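# Structural description and commentary
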Amino acid sequence: MAVGPADNVEPERQGFLLDLVTGADGDAGSLQKLTDAAARWISTTAGSALECAAVLHRQRSCSATAGSTPAAAALASEDEHGDGPTALGSALVVPAVISQAGARWQGYRRRLVDRGFGSALAVPLELQPGSAGALVFLGPAKYVFNAAVINEAAWFGEVASHSLKLALDVHGVIRAGDNLKQVLESRTSIDVACGVLMAQNRCSYAEAFSKLAGTSRHRNLKVRSVAESILRSLPSGAPGTRFDPPAIA
């Protein structure tokens, strides 16, 4: 969905979502699309070119970062410092302004200046349990975030949260489908290889699989790799894996 004017009013805003899936390669790709859309949107309200950085924290997964420009992306990737709003995204409850006059995030404010920014506005993202994130809108030197821009950023944060949650769900379904396909392919290779061994050695399936497993341990290879090596040695080569849809009665 293309980003529209920043002065939309209800009821046009009801149910508004950003398309963060089309053309996005996984979670990081969706996060990049979000920062690009966020920068365009908030710049319209601000009347000045603002940039956007974002970070996504997920349990049992590496953090993903993105930025609407290389400078914004570099600031987001400095999350290892642990002293900025992207690192503390899960602790943010409401938008927070980081300016030269503030006493909080001193190290982060120094890095803002070093990268040519004057102030920042951090907006938390409300995501699924186990996930946390934040958008950080970045203003040029001497830029001041006024109430209108802060309110617009807060609203956009709500839209971003819903949109990113949907994108993460979609990517999760895609990954699950890919994993299932890999499992089925692996199972097919092993079953066919066991069939070959059963025919060659006149043994049971359990005995054939035991031979595969023993070779796997001896060669320090996966059972699927051993099975595929057996299939490749066949005169006709390894058979292809087919996934036929179920018949409809």
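Structure first, text after, so check above.
So, a few notes on the structure that sits alongside this text. (Residues numbered from 1 in each chain as written. Predicted model: local features only at pLDDT ≥ 70, side-chain atom pairs only at ≥ 80, totals over all residues. Heavy atoms only, no water.)

### Here's the deal with helix α5 (residues 205-219)
- Relative to the 21 Å expected for 15 residues at 1.5 Å per residue, α5 spans 21 Å between its end C-alpha atoms, a close match to the ideal helical length.
- Considered for burial, the residues of α5 that qualify are A208, L212, A213 and S216. All buried residues of α5 fall inside an arc of 135° around its axis, so they share one side. Set apart from the buried face of α5 by more than 90 degrees, the exposed residues are A206, R217 and H218.
- Backbone geometry just after α5 places N220 at a positive phi near 55°. (Helix = DSSP H or I, 4+ residues; strand = E, 2+ residues; numbered from the N terminus. Expected span 1.5 Å × (residues − 1). Buried < 20%, exposed > 50% of the residue type's maximum accessible area, 1.4 Å probe, protein only. Arc of directions from axis to C-beta.)

### Concerning the pairing of strand β1 (residues 51-58)
- Most of β1 sits out of view: six of its eight residues are buried.
- The sheet contact formed by β1 and strand β2 (residues 61-67) spans five bridges and is antiparallel. If you follow A53 over to β2, its bridge partner there is G67.
- Connecting the antiparallel pair β1 and β2 is a turn made up of two residues, with R60 showing a positive phi of about 55°. (Pairing = 2+ DSSP bridges.)

### As for the pairing of strand β5 (residues 131-140)
- The buried fraction of β5 amounts to nine of the 10 residues, a majority that puts the element mostly inside the structure.
- Of the pairings in the sheet, the one linking β1 to β5 comprises eight bridges and is antiparallel in character. When the bridges of β5 are listed, H57 appears paired with A132.
- Note that strand β4 (residues 117-125) and β5 share eight bridges and pair antiparallel.

### Comments concerning the pattern of salt bridges
- A complete count under the given rule lists one salt bridge for this structure.
- Between E228 and R224 there is a salt bridge, with its nearest N and O atoms 2.8 Å apart. With E228 and R224 both in helix α6 (residues 223-232) and four residues apart, this pair spans about one turn of that helix.
- A relative accessible area of 23% means that E228 is categorised as partly exposed. (Salt bridge = Lys/Arg side-chain N within 4 Å of Asp/Glu carboxyl O.)

### Description of the sheet that holds β1
- An order of β2-β1-β5-β4-β3 is seen for the five strands of this open sheet, with the pairing classed as antiparallel. The open sheet has two free edges, formed respectively by β2 and β3 (96-98), since each of these has just one partner strand. If you compare each strand with its neighbour and ignore which way they point, the axes differ by 15° on average.
- Sheet topology note: the β3/β4 ladder contains three bridges and is antiparallel. Across the sheet, A96 pairs through a bridge with A122, a residue of β4.
- Against the sheet, helix α3 (residues 106-114) touches β3, β4 and β5, its axis set at about 125° to β4. (Axes fitted to C-alpha atoms, helices over the stretch in contact; angles between N-to-C directions. Contact = heavy atoms within 4.5 Å.)

### Notes on the packing of α5 against α6
- Two elements in contact, α5 and α6, have axes separated by 8 Å at closest approach and are oriented at 110°. Overall, the two elements α5 and α6 adopt an arrangement that is roughly perpendicular. Note on element contacts: α6 touches α5 through V223, V226, A227, S229 and I230, opposite F209, L212, A213, T215, S216 and R219. (Parallel < 35°, antiparallel > 145°, perpendicular 65-115°, else oblique.)

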